[in-house]
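Fold and geometry: a report
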Amino acid sequence: GNQLGGCDVCRKNERPQKLSRVPEKVEDRTARAGVGAIFATDDYGRIFFTASTQGSSSHEAIVRGDLQRGDELIGVDGRPTRGKSMPEVAEGLLGKHGTTVELQFLRQVGDGHVEKTIELERRPLQFDDLRALSRQQAV
């Protein structure tokens, strides 16, 4: 795709060294970890998995074949997602780094559906990835 003008300027202003040296106490309070999954919602409020960020546990699930684009998210840690807003669902997906979350998906197979439960580890989110996908919900 086309490179956005001013990208080099952006890079000069970013100081990853500084960001990674946040004192642990502050990090515990503010840092949220997620599964690196990108979701989109349809007109009926259903939530679909659309992509994953590199190095995330959801990306590993794709590689294993446990997760694929178009899988509908129907539960988080046993709580149904139907009727919930994306921010509410995201709240359940985000948590402390190193903890796990159990996701229930519905996958269309032929004329029917198959339900699948997968466990994913929460890891620090890659905000560069999130910025690139800001139009969708990344958790």
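Turning our eyes to something else, we now look at the overall build of the protein. From N to C terminus, the protein includes 6 helices and 9 strands. Scored against the burial criterion, the 139 residues of the protein give a buried share of 33%. Looking at the protein alone, contacts between residues at least 24 apart form 57% of all its contacts between residues at least 6 apart. Element-wise, carbon and sulfur atoms account for 49% of the exposed surface of the protein, whose accessible area totals about 9500 Å².

Okay, the packing of aromatic side chains next. Using the criterion set out here, one finds 1 aromatic pair in the structure. Taking 6.1 Å as the distance between ring centres and 75° as the angle between the ring planes, the aromatic pair formed by F39 and F49 counts as edge-to-face. Note that F39 is positioned in strand β2 (residues 37-41) and F49 in strand β3 (residues 47-52), a separation of 10 residues in sequence. The class of F39 is buried, set by a relative accessible area of 1%.

A few words now on helix α5 (residues 86-93). Among the residues of α5, M86, V89, A90, G92 and L93 are the ones counted as buried. All buried residues of α5 fall inside an arc of 160° around its axis, so they share one side.

Take helix α4 (residues 57-64) next. Turning to α4, its buried residues number three or more, namely S57, S58 and A61. Along α4, the residues classed as buried sweep out an arc of 100° about the axis, all on the same side. On its buried side, α4 packs onto β2, β3, β7 (112-121) and β8 (123-124).

On to the pairing of β2. Two elements, β2 and β3, share 5 bridges in a ladder whose sense is antiparallel. Looking at the pairing, I38 lines up with A51 of β3. Between β2 and the antiparallel strand that follows it, β3, lie 5 residues; G45 among them carries a positive phi value of about 85°.

Rules and cut-offs
Residues numbered from 1 in each chain as written. Predicted model: local features only at pLDDT ≥ 70, side-chain atom pairs only at ≥ 80, totals over all residues. Heavy atoms only, no water. Helix = DSSP H or I, 4+ residues; strand = E, 2+ residues; numbered from the N terminus. Buried < 20%, exposed > 50% of the residue type's maximum accessible area, 1.4 Å probe, protein only. Contact = heavy atoms within 4.5 Å. Areas by Shrake-Rupley, 256 points an atom, 1.4 Å probe, with all protein chains shown as cover. Phe/Tyr/Trp six-rings, centres within 6.5 Å; stacked < 30°, edge-to-face > 60°. Arc of directions from axis to C-beta. Pairing = 2+ DSSP bridges.

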